[in-house]
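# A look at the structure
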Amino acid sequence: MADVILMPRLSDTMTEGVIAAWHKKIGDTVKKGDLLAEIETDKATMELESYKDGTLLHIGGDKGAKIQVDELLAIVGKAGEDVSSLLKGKPATTDNAAVTETKPEKAPAEKQAPANEQPTSSLDISKMDEVVLMPRLSDTMEAGVIASWHKNVGDTVKKGEVLAEIETDKATMELESYKNGTLLHIGAQQGEKIPVNGLLCVIGEKGKVDVAAIVAAASGTVQPAAAGQQAAATESPKAQTAPTVAAAATSSTDNGRVKASPLAKKLAAEKGIDITAISGTGDGGRIIKADIDSYKPSAAPATTTAPAAKAAASVPAFVAGQEGFTDIPNSQMRNVIAKRLGESKFSAPHFYLTMEINMDNAMAARTQLNEISPVKISFNDMVVKAASLALRQHPAVNASWMGDKIRRYSHIHIGIAVAIEDGLIVPVIRFADQKTLPQIAAESKELAGKAKNKKLQPNEFSGNTFTISNLGMMDIDEFTAIINPPDSCIMAVGRIKEIVVRKGEGFGVSNVMKITLSCDHRSVDGALGAAFLQTFKKYLENPITMLL
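What you are looking at is a predicted structure, and each value in this text was computed from that prediction instead of being measured. (Residues numbered from 1 in each chain as written. Predicted model: local features only at pLDDT ≥ 70, side-chain atom pairs only at ≥ 80, totals over all residues. Heavy atoms only, no water.)

### Thoughts on the packing of aromatic side chains
With the rule as written, the count across this model stands at one aromatic pair. Between phenylalanine 466 and phenylalanine 532 the ring centres are 5.6 Å apart and the planes differ by 55°, which places this aromatic pair in the tilted class. Placement of phenylalanine 466 in strand E26 (residues 466–470) and of phenylalanine 532 in helix H16 (residues 526–541) is noted, with a sequence separation of 66 residues between them. Phenylalanine 466 gets classed as buried once you look at its relative accessible area, which sits at 0%. For arginine 366, the ring lying beneath its charged end belongs to phenylalanine 379, and the centroid distance is 4.6 Å. Here the basic side chain of arginine 502 rests over the ring of phenylalanine 507, its NZ or CZ set 5.7 Å away from the ring centre. (Phe/Tyr/Trp six-rings, centres within 6.5 Å; stacked < 30°, edge-to-face > 60°. Helix = DSSP H or I, 4+ residues; strand = E, 2+ residues; numbered from the N terminus. Buried < 20%, exposed > 50% of the residue type's maximum accessible area, 1.4 Å probe, protein only. Lys NZ or Arg CZ within 6 Å of the ring centre and 35° of its normal.)

So this is what it looks like as structure tokens:
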């Protein structure tokens, strides 16, 4: 009997796969282990091998087609075998794929529908080669903001060229074209938001693609304003006939948002200046630091206090400051931080375990290690190593609450919280328990650098099983952290400080560090968390044991 091959889930965040290439065609003999196709996921392009011998009888989509996870990808069986029963109950798009096997001209005919016909909701744009949908570029991404377009409508696009920069909740990433053609339509202008799987753009041959039908079909999932905004953009010359005075008054704002550099906003807030009253001299009317420095408030308050100044010449006249505030729109990252950590704090019953660790031996060991290490090892690198080894001995802490079950991971991926301008991101060191201290140090520095430059790839900030947040370098003695889903625990690390302790018959100085473990009580109990901390403490107070 023929076997059905479904689209596999090739990454932890994958919801659909794009057929990058077929290495077999219908009617070809397939052997177990033969390469069937290349599947483009949200993270990489991967090869799919056949797990049985037979003949390729059916494919679920041609090159460029998008197929959801667990939907029909291919059927392999005996030559001439009837597979119609396996296709029953499948979505219409699967049947269409079957038609294209014997009638390749079907797809173009669908695209060349008469212009006077009203587009129907049955048009599935997700299966159209000309349509580019907003990809899911991170595991928590729900929408992407257009940071910039590298191509304009009407421009020729080649495969591999950068189409746009997309701002997600965690990074700004470049989106490359996967085909050649002409950019016929864009779903949103710079600064606007498009939901995941919403219409991003249309690339095809001019005059042979019914763009209006595609936009109409996408209107149920894409923000309706997108098409209107593009039309408004083409009518901008009319809008430019407005008086120049009005243009100057609004030059520093964009749809109610103040166009100003972060430093300018900060200085304005510190000086109590209403930033909306300032005309920017930067690009596009953007307010910059120099505009804040050169701004002079109205002299009216000073004139009103002049009589008082004459009456009491010995007391300087008080010039009232200017009250005000600046509303800073949330970035994608800040919105997701608020949502995910809010859900974590209010759904996961947190409890906290604090322990004090003597760092004398760790400080001495670090000095010796850095004399021979090719990369400078930090105390945080030692914390990562000690935590990963302790998780190996306490796998119940290396777990996630899944609602109806607890998932314990056999791998240990340590997330390290990194503060960046827009918020917080957690790069992940994979298989940390299997890496040496120099390897952990080098990888930590590389990932932190990428995080601050917004260059992290999705696989570099997802998949964590345990998280560490360190504020010791900012002189914080101790603190509690909110669990970073899907982890069951997060460790908050404070600074190393000197304390006076009794040593023998006298007193001496020791270096101690406080750490606090936040635990999800649904999956980790108090005794379990305490046992983990005891093991962690032994490793850090005797660093040589981490080298065994």
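### Some details on the environment of leucine 267
Take leucine 267: it is sitting in helix H8 (residues 262–271). Looking at leucine 267, the relative accessible area reads 15%, which means it is buried. Each C-alpha atom, one on leucine 267 and one on aspartate 293, is 8.5 Å from the other, the two residues being 26 residues apart in sequence. Contact partners of leucine 267, with chain neighbours within four places excluded, come to Lys289, Ile292 and Asp293. (Contact = heavy atoms within 4.5 Å.)

### What to know about the pattern of salt bridges
Under the criterion given, the structure shown has 15 salt bridges. When the shortest N-O distance is used, the salt bridge between glutamate 142 and lysine 339 registers 2.3 Å. Taken as a pair, glutamate 142 in the loop between strand E9 (131–133) and strand E10 (143–149) and lysine 339 in helix H12 (residues 332–347) lie far apart in primary sequence, 197 residues in all. Owing to a relative accessible area of 40%, lysine 339 belongs among the partly exposed residues under this scheme. Residue glutamate 446 is joined to lysine 450 by a salt bridge in which the shortest nitrogen-to-oxygen separation is 3.8 Å. Taken together, the positions of glutamate 446 and lysine 450, both in helix H15 (residues 437–452) and four residues apart, correspond to about one turn of that helix. By sharing partners, the salt bridges in this structure join Glu446, Lys450 and Glu460 into a single network. (Salt bridge = Lys/Arg side-chain N within 4 Å of Asp/Glu carboxyl O.)

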